[in-house]
Amino acid sequence: MKIDGNTQLVGIIADPVAHLRTPQLFNGSALKQGLNAVCLPFHVLEDNLEKVLHGSVGVTNLLGLIVTIPYKESVLRFCGDMTETAKLVGSANVLRVDHERGTWVGGNFDGDGLVAGLRERGHALQGKRVLLLGAGGAGKSIAYAVTREMPSELVISNRSMHRATGLVERLQPMAPQVALRAGANDPAGFDVVINATSLGLQDADELPLDADRLSPGTLVCEVVMREGDTPLLAAARRQSCEVHHGQYMLYGQIVQISRFLGLELQEENVPRILGPNLPEGES
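Residues numbered from 1 in each chain as written. Predicted model: local features only at pLDDT ≥ 70, side-chain atom pairs only at ≥ 80, totals over all residues. Heavy atoms only, no water.

Chemist: Before we go on, may I ask you to explain unusual backbone geometry in this structure?
Modeler: Cis peptide bonds are those with omega within 30 degrees of zero, and the linkage from Asp-15 to Pro-16 qualifies with 5 degrees. With respect to the helices and strands, Pro-16 occurs in the loop between strand E1 (8–14) and helix H1 (22–33). Of note, the bond from Ile-69 into Pro-70 is cis; its omega dihedral lies within 30 degrees of zero at 5 degrees. Looking at where Pro-70 falls in the secondary structure, it is placed in the loop between strand E3 (62–67) and strand E4 (79–82). Located in the positive-phi region is Met-150, a residue other than glycine, with phi close to 60 degrees. (Helix = DSSP H or I, 4+ residues; strand = E, 2+ residues; numbered from the N terminus.)

Chemist: Can you walk me through the pairing of strand E6 (residues 103–107) in this structure?
Modeler: Of all 5 residues that make up E6, 5 are buried, and the element is covered over most of its length. Judged from the 3 bridges that link them, E4 and E6 form a sheet pairing that is parallel. By the bridge assignment, Asp-81 is partnered in E6 with Val-105. Pairing geometry for strand E5 (residues 94–98) and E6, over 5 bridges, is antiparallel. (Buried < 20%, exposed > 50% of the residue type's maximum accessible area, 1.4 Å probe, protein only. Pairing = 2+ DSSP bridges.)

Chemist: How do you make sense of the packing of helix H5 (residues 137–148) against helix H6 (residues 161–171) when you look at a structure like this?
Modeler: Geometry of a packed helix pair, given as the angle between the helix axes and the separation of the axes. Where H5 meets H6, the closest approach of the two axes is 11 Å, and the angle between their N-to-C directions is 35 degrees. Remark: the crossing between H5 and H6 carries right-handed chirality. Taking contact as the criterion, the partners of Gly-139, Lys-140, Ala-143, Tyr-144 and Thr-147 in H5 are, on H6, Arg-163, Leu-167 and Leu-171. (Axes fitted to C-alpha atoms, helices over the stretch in contact; angles between N-to-C directions. Left-handed = near helix turned anticlockwise from the far one by under 90°. Contact = heavy atoms within 4.5 Å.)

Chemist: Can you walk me through the pattern of salt bridges in this structure?
Modeler: Any two side chains of opposite charge can pair, so long as their charged atoms come close to each other. Scanning all chains against the criterion turns up 13 salt bridges. Measuring nitrogen to oxygen at the nearest pair gives 2.9 Å for the salt bridge that ties Lys-140 to Glu-73. Taken together, the positions of Lys-140 in helix H5 and Glu-73 in the loop between E3 and E4 put the pair 67 residues apart, joining distant regions of the chain. Here Lys-87 ties to Glu-84 by a salt bridge, and the two come within 3.7 Å at their closest N and O atoms. (Salt bridge = Lys/Arg side-chain N within 4 Å of Asp/Glu carboxyl O.)

Chemist: Honestly, the nonpolar core in this entry has me stumped. Any pointers?
Modeler: Soluble globular proteins tend to pack their nonpolar side chains together in the buried interior. Counting 56 residues, the largest nonpolar core has Phe-26, Leu-132, Ile-142, Leu-154, Ile-156 and Ile-194 as the members making the most contacts within it. Excluding its chain neighbours within four sequence positions, the residues that come into contact with Ile-194 are Leu-114, Val-130, Leu-131, Leu-132, Leu-133, Ile-142, Val-146 and Cys-221. Among the nonpolar cores identified, the runner-up in size contains 17 residues, and Val-57, Val-67, Tyr-71 and Cys-79 belong to it. (Core = buried A, V, L, I, M, F, W, Y, C linked by side-chain atoms within 4.5 Å.)

Chemist: What exactly am I supposed to notice about empty space enclosed by the protein here?
Modeler: Think of a ball as big as a water molecule: rolled over the atoms, this probe shows where empty space is left. Within this structure, the stated rule accounts for 1 cavity of 30 Å³ or more. Its volume calculated, the largest cavity comes out at about 30 Å³. Lining the largest cavity are Leu-199, Gly-200, Asp-205, Glu-206, Leu-207, Pro-208, Pro-231 and Leu-232. A class-by-class count of the residues in the lining of the largest cavity yields 5 nonpolar, 1 polar and 2 charged. (1 Å grid on protein atoms, 1.4 Å probe; cavity = no way out; pocket = protein on both sides within 12 Å on 5 of 7 lines; lining within 4 Å. Points joined across faces, edges and corners; volume = space filled by probe spheres on them. Nonpolar A, V, L, I, M, F, W, Y, C, P; charged D, E, K, R; others polar.)

Chemist: Would you mind going over the sheet that holds strand E9 (residues 179–182) with me for this structure?
Modeler: Sheet strands associate in pairs through backbone hydrogen bonding, adopting either a parallel or an antiparallel arrangement. Strand order in the open sheet made by the 6 strands is E9-E8-E7-E10-E11-E12, with parallel pairing throughout. Each edge of the open sheet is held by one strand with a lone partner, namely E9 and strand E12 (242–244). Averaged over all pairs of adjacent strands, the angle between strand axes in this sheet comes to 15 degrees, irrespective of strand direction. Sheet analysis places strand E8 (residues 153–157) next to E9, joined by 4 bridges and oriented parallel. Of the residues in E9, the one forming a bridge with Leu-154 is Leu-180.

Chemist: What am I meant to see in the sheet that holds E4 here?
Modeler: Ordered by their spatial adjacency, 6 strands build an open sheet running E2-E1-E3-E5-E6-E4, and the pairing between neighbours is mixed. The open sheet has two edge strands, strand E2 (37–43) and E4, and neither has a second partner. In this sheet, adjacent strand axes meet at a mean angle of 25 degrees when their direction is disregarded. Pairing analysis gives 3 bridges linking E3 to E5, with the strands arranged antiparallel. Bridging from a neighbouring strand, Ile-66 pairs with Val-94 of E5. Sitting on the sheet, H1 touches E1, E2 and E3, and the angle it makes with E2 is about 170 degrees.

Chemist: For this particular structure, what's the right way to read the layout of surface pockets?
Modeler: Looking at the largest pocket, its volume works out to about 860 Å³. Around the largest pocket sit 42 residues that line it, and Ile-69, Ala-138, Ala-196, Thr-197 and Ser-198 are the ones nearest its centre. Element by element, the count of residues in the lining of the largest pocket is highest for helix H8 (residues 247–260), at 4 residues. Residues that form the lining of the largest pocket fall into these classes: 21 nonpolar, 14 polar and 7 charged.

In short, geometric facts, not functional conclusions.
In structure tokens form, the structure reads like this:
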């Protein structure tokens, strides 16, 4: 990839950054299409977030910033405008520079990406019983997108139960026919379980649920992106569950994020980054 004075920049802010897969996907896509654009990881500590956002908005060839853990909610206070989804769920996973106003426009494509990734692998949510673990930045967006798919039931579990309850109250008016409620992290009897917490980034992380309570055949989905299985997916396999890796959510949203930033990436050009335990064709 040739970088010159005409290269358009996209950053991705996170803490930590070593696990990120977005730069590889974005840069592989841009290279394949011949786009003069590059995505760079920015390791931003919490104390420096305000300085980074205030300073980088003035970089003329910066299209925007992709946002991930732990900043999807805290970046909203720096936005001059937001998409309807970002407003509804109260989080953003991408910031576009509005160079005329000198401010940020926040958008959120986490939920749309998860649903698109599930569809690509042949999984539908309509009429299913779904358990969502986590009501943080990613969890809110995923809850919104899952609700639009009309499952028969969506239970949202979060360590701070008031956050799950508040999210249910915001979602219920848009889908009164869906049985929405806040509840425990017990996966027994659910058709689909989605982990939207950060648990699983490290091997030493505790599981977000009691894996022994998983029913055989349940589809267990991750948001965490790692090489191969997360601890949760490994445990799900032992329970004879289907597994769906976090990479597929990223595949599903990278094109949408790029278009929000003003780049026309084509879906067929997005490379598949597969770990050693994730063979091609496995969901």
